[in-house]
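The chain contents come next:
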Amino acid sequence: MKKIFIPFALLLLPAVTKAATAATALEGHLQVGPAIILITILTLFVLVGIFFRAKDTNDYYAAGRGISRVGSGMAIASNWMSAASFLGMAALMYGTGYHGLAYVVGWTGGYVLLLILMAGQIRKYGKYTAADFIGDRYYSQGMRAIGAIIAILISISYCVGQFGGIGLMFKWILGIDYAWAVLIGGAVVLAYTLISGMLGVTKNMQIQYVIIIVSFLIPLFILTAKFDYFWLLPQIGYGSVVSDAITGIPLNETGQLLNSFGHDFAMVPAPEYAMPWDPSTGQTFFQWIAIAFSLMVGTAGLPHVIQRFYVVPKARDARWSVVWGLFFICILYWSAPAYAAFGKILSANPEVGKLAKDAIVVYTAQLGNVHPLIVGLLAAGGVSAAFSTVSGLLVAGSSAFAHDLYVKVINPKAPPKKQLLYARLATVLMAIIVALIALLDLALIGQLVAVAFSLAGCTIFPLFLLGIWWSGSNRSGAIAGLIAGGTVSLVAITYFIAGKQGVTLPAHDFISYWLEAWYFAWIGAPLAILVNIIVSKLTKETPIEIRKFLIEKVHT
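Residues numbered from 1 in each chain as written. Predicted model: local features only at pLDDT ≥ 70, side-chain atom pairs only at ≥ 80, totals over all residues. Heavy atoms only, no water.

## Section: the overall build of the chain
Working step 1: Scanning the chain for helices and strands turns up 22 helices and zero strands.
Working step 2: Considering the chain as a whole, with its 556 residues, one finds that 58% of them fall into the buried category.
Working step 3: When the accessible surface of the chain is totalled, it reaches about 21400 Å², and 70% of it is carbon and sulfur. (Helix = DSSP H or I, 4+ residues; strand = E, 2+ residues; numbered from the N terminus. Buried < 20%, exposed > 50% of the residue type's maximum accessible area, 1.4 Å probe, protein only. Areas by Shrake-Rupley, 256 points an atom, 1.4 Å probe, with all protein chains shown as cover.)

As structure tokens, then:
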């Protein structure tokens with residue numbers, strides 16, 4: 001490797017030096033230094049995938065169940081900190097101010113629910129996938145198949161936002177069209193997911209976490225120090241930035257502190273930026289609470305997150321991996337609002353023009369005159385965030401198809417090699433579907449991802465919550481609850497898609513407000529739980545062997 005790497009590095013040195021001295025431009029051309037960083041990181045991902053490639057179905061689905069607590073926590077954090085976290089949260093707060101914090105509260109609070117309600121119990125139950133649990137707990141092959149289909153739909157919905165983030169970063173780095181950027185980025189992540197399976201993906205996620213955090217924090221330290229805020233802890237210092245955005249910064253008060261275009265570091269007062277639900281933002285208290293609630297219950301129902309608990313050796317390790325994961329996640333979540341605040345001020349001058357919200361993290365670093373190579377590392381971190389999540393989603397979705405549909409329902413006698421073949425074919429098909437939807441550019445990354453959360457909150461979360469904690473939940477109740485939650489989901493998503501296509505359905509304004517695509521789980525999840533309980537009470541009780549297993553094995 002040294003014989004290959006050293007000459008390669010020497011050849012790239014002139015290009016890196018040239019990129020380091022180049023003037024920052026927001027977009028539209030090949031960023032040489034950032035492109036080199038991106039290619040190097042992607043090469044590393046593929047090499048790790050090859051080295052830790054899946055040798056059998058146990059490796060492909062559950063990483064051989066040999067990942068440590070801290071390692072699993074890093075993988076959980078990396079898998080969680082998608083493009084929606086790395087790029088989307090700052091974008092939402094940049095556009096709506098305080099209202100965007102609903103996403104931070106919802107996504108973080110969801111992991112607390114996982115820690116308290118599900119992590120250890122899911123591992124004790126001992127199934128590979130979410131659909132595997134549903135089929136076994138509710139003693140129904142039909143429910144297993146439906147669970148697998150829902151898991152696939154959730155994975156596709158979640159992946160769309162990630163492919164959008166990959167497309168934006170590839171577009172910025174390579175200076176190519178968005179459509180080509182999505183296709184190229186999607187092809188790369190697909191390649192190493194096919195090679196790796198869950199084992200290689202998990203090892204990659206640990207590396208990706210380090211890249212994500214380092215690339216995210218370094219520009220923040222530089223920005224806070226350069227503009228004379230409390231740089232020792234940017235997560236605290238950014239509060240002063242928000243205060244300046246609210247009160248405004250008079251022209252020339254900051255002396256020589258200019259953005260990369262030479263504009264004075266100044267802006268008019270924007271008090272609505274820090275108001276929870278100011279009328280000028282167009283957002284309400286209900287929407288804030290609905291988003292936070294939907295994201296919480298959705299987090300506890302995401303198939304690719306639940307599947308991470310199967311990769312550790314014991315139930316205790318599953319709980320600790322969530323604790324470590326939450327710690328690692330919070331490092332980034334405490335930092336994202338700072339990019340939104342700096343972006344608000346640095347792009348305040350009208351001459352900057354309209355910026356794509358989903359790329360505001362990178363634009364903020366550029367406008368702050370951060371070194372081009374560090375900006376490139378930041379963009380590569382955004383790609384790493386999207387890749388880590390996409391790979392986990394593709395594995396979860398393909399596992400649902402190959403393990404839960406094909407092996408458990410269609411062909412139980414399928415040999416392991418054929419299982420792997422179908423898992424990989426399902427991965428390819430999912431990636432193609434996701435890429436085609438991502439090209440439509442339907443909404444912001446964070447909003448697209450929130451659709452998947454609401455869908456998970458209305459369908460899988462009630463099944464797991466009641467399935468683990470109430471032995472009285474039976475097959476009939478599960479089916480009825482799934483129908484109730486699924487109906488709410490279908491109505492909300494139908495109205496969302498129709499609106500994007502310019503079609504006005506009856507009661508459009510009413511449905512769009514109360515059942516918006518990113519928060520319809522506020523009513524769908526409680527309704528599904530209530531229906532499940534009522535129908536379970538009125539029908540034949542859960543078989544004794546299921547109740548006995550829950551008491552003796554799951555809750556000990």
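Back to the write-up after that little detour.
## Digging into empty space enclosed by the protein
Working step 1: Applying the stated criterion across every chain, the model contains three cavities of 30 Å³ or more.
Working step 2: Lining the largest cavity, in full, are L258, N259, H263, D264, F265, A266, I345, L346, A348 and N349.
Working step 3: For the lining of the largest cavity, a count of residues per class yields six nonpolar, three polar and one charged. (1 Å grid on protein atoms, 1.4 Å probe; cavity = no way out; pocket = protein on both sides within 12 Å on 5 of 7 lines; lining within 4 Å. Points joined across faces, edges and corners; volume = space filled by probe spheres on them. Nonpolar A, V, L, I, M, F, W, Y, C, P; charged D, E, K, R; others polar.)

## A word on the packing of aromatic side chains
Working step 1: Within this structure, the stated rule accounts for 22 aromatic pairs.
Working step 2: Both rings, one in F286 and one in Y513, keep their centres 5.5 Å apart while their planes meet at 40°; by these two values the pair is tilted. Note that F286 is positioned in helix α11 (residues 285-299) and Y513 in helix α20 (residues 508-514), a separation of 227 residues in sequence.
Working step 3: Measuring from ring centre to ring centre gives 5.3 Å for F496 and W518, while their planes differ by 75°; the resulting arrangement is edge-to-face. (Phe/Tyr/Trp six-rings, centres within 6.5 Å; stacked < 30°, edge-to-face > 60°.)

## What to know about the layout of surface pockets
Working step 1: Considering only enclosed or pocket space, the largest pocket measures out at about 590 Å³ in volume.
Working step 2: Looking at the lining of the largest pocket, the elements with two or more residues in it are α8 (141-174), α18 (445-469) and α19 (475-500).
Working step 3: Residue contributions to the lining of the largest pocket peak at seven residues, all from α19.
Working step 4: Each residue belonging to the lining of the largest pocket can be placed in one class, and the counts come to 16 nonpolar, five polar and no charged.

## Some remarks on α18
Working step 1: For α18, spanning 25 residues, the distance from its first C-alpha to its last is 34 Å, which sits close to the expected 36 Å at 1.5 Å a residue.
Working step 2: Along α18, the sharpest kink reaches roughly 45°, centred on G457.
Working step 3: The element α18 is extensively covered by neighbouring structure, given that 24 of its 25 residues are classed as buried. (Expected span 1.5 Å × (residues − 1). Bend = angle between axes of the 7 residues up to and from the residue.)

## Section: the environment of Y178
Working step 1: Residue placement: Y178 occurs in helix α9 (residues 178-226).
Working step 2: A relative accessible area of 16% places Y178 in the buried class.
Working step 3: Ignoring anything within four residues of it in the chain, the contact list for Y178 reads G164, G167, L168, K171, A438, L439 and D441.
Working step 4: One polar contact links the side chain of Y178 to the main-chain carbonyl oxygen of A438, over a distance of 3.2 Å. (Contact = heavy atoms within 4.5 Å. Polar contact = N/O pair within 3.5 Å; in protein donor to acceptor, adjacent residues only side chain to side chain.)

## Overview of the nonpolar core
Working step 1: With 165 residues, the main nonpolar core has W80 and W107 as its most contacted residues.
Working step 2: With 18 residues, α8 is the largest single contributor of residues to this core.
Working step 3: With sequence-adjacent residues up to four places away left out, W80 is seen in contact with S85, W107, Y111, Y158, T299, L302, V305, I329, Y333, T389 and F453. (Core = buried A, V, L, I, M, F, W, Y, C linked by side-chain atoms within 4.5 Å.)

## A closer look at the environment of I134
Working step 1: The topology assignment puts I134 in helix α7 (residues 130-137).
Working step 2: Given a relative accessible area of 0%, I134 falls into the buried group.
Working step 3: Remark: the alpha-carbon pair of I134 and G147, spanning 13 residues in sequence, is separated by 6.6 Å.
Working step 4: Excluding residues that lie within four positions of it along the chain, I134 makes contacts with Y139, M143, G147, L463 and F464.

## What to know about the confidence of the model for the chain
Working step 1: Within the chain, residue pLDDT values average 82, and 85% of them lie at 70 or more.
Working step 2: No element of the chain has a lower mean pLDDT than helix α1 (residues 2-21), at 40, and none a higher one than helix α21 (residues 521-538), at 97.
Working step 3: Note on residues 59-66: pLDDT is under 50 here. Beyond four places in sequence and across chains, it has 43 contacts. (pLDDT = per-residue confidence, 0-100.)

## Focus on the packing of helix α5 (residues 83-96) against α18
Working step 1: In contact at an axis separation of 8 Å, α5 and α18 are set at 120° when each is read in the N-to-C sense. In terms of their interaxial angle, α5 and α18 are classed as oblique. On the side of α5, the interface is formed by A83, A84, L87, G88 and L92, while α18 contributes I445, G446, Q447 and V449.
Working step 2: Counted by class, the contact of α5 with α18 contains six nonpolar, three polar and no charged residues. (Axes fitted to C-alpha atoms, helices over the stretch in contact; angles between N-to-C directions. Parallel < 35°, antiparallel > 145°, perpendicular 65-115°, else oblique.)

## A closer look at the side chain of N532
Working step 1: Its place among the elements puts N532 in helix α21.
Working step 2: Ignoring anything within four residues of it in the chain, the contact list for N532 reads Y138, L463, L466, S473, G477, A478 and G481.

## Notes on helix α10 (residues 234-247)
Working step 1: An ideal rise of 1.5 Å per residue puts 20 Å on 14 residues; α10 measures up with 20 Å between its terminal C-alpha atoms.
Working step 2: Looking at α10, one finds that the buried residues are P234, Q235, G237, Y238, V241, V242 and A245. Down the axis of α10, the buried set is contained in an arc of 165°. They therefore lie on one face. Those residues of α10 that are exposed and angled more than 90 degrees off the buried face are I236 and T247. (Arc of directions from axis to C-beta.)

## Topic: the packing of α8 against α18
Working step 1: Axis separation between α8 and α18 bottoms out at 9 Å; the angle between their running directions is 165°. On the basis of their axis angle, the class for α8 and α18 is roughly antiparallel. Crossing angle aside, the handedness with which α8 passes α18 is left-handed. Counting all contacts with α8, which are made through M143, I150, L153, I154, S157, Y158, V160, G161, Q162, G164, G165 and L168, the residues of α18 involved are I445, L448, V449, V451, A452, F453, L455, A456, T459, I460 and L463. (Left-handed = near helix turned anticlockwise from the far one by under 90°.)

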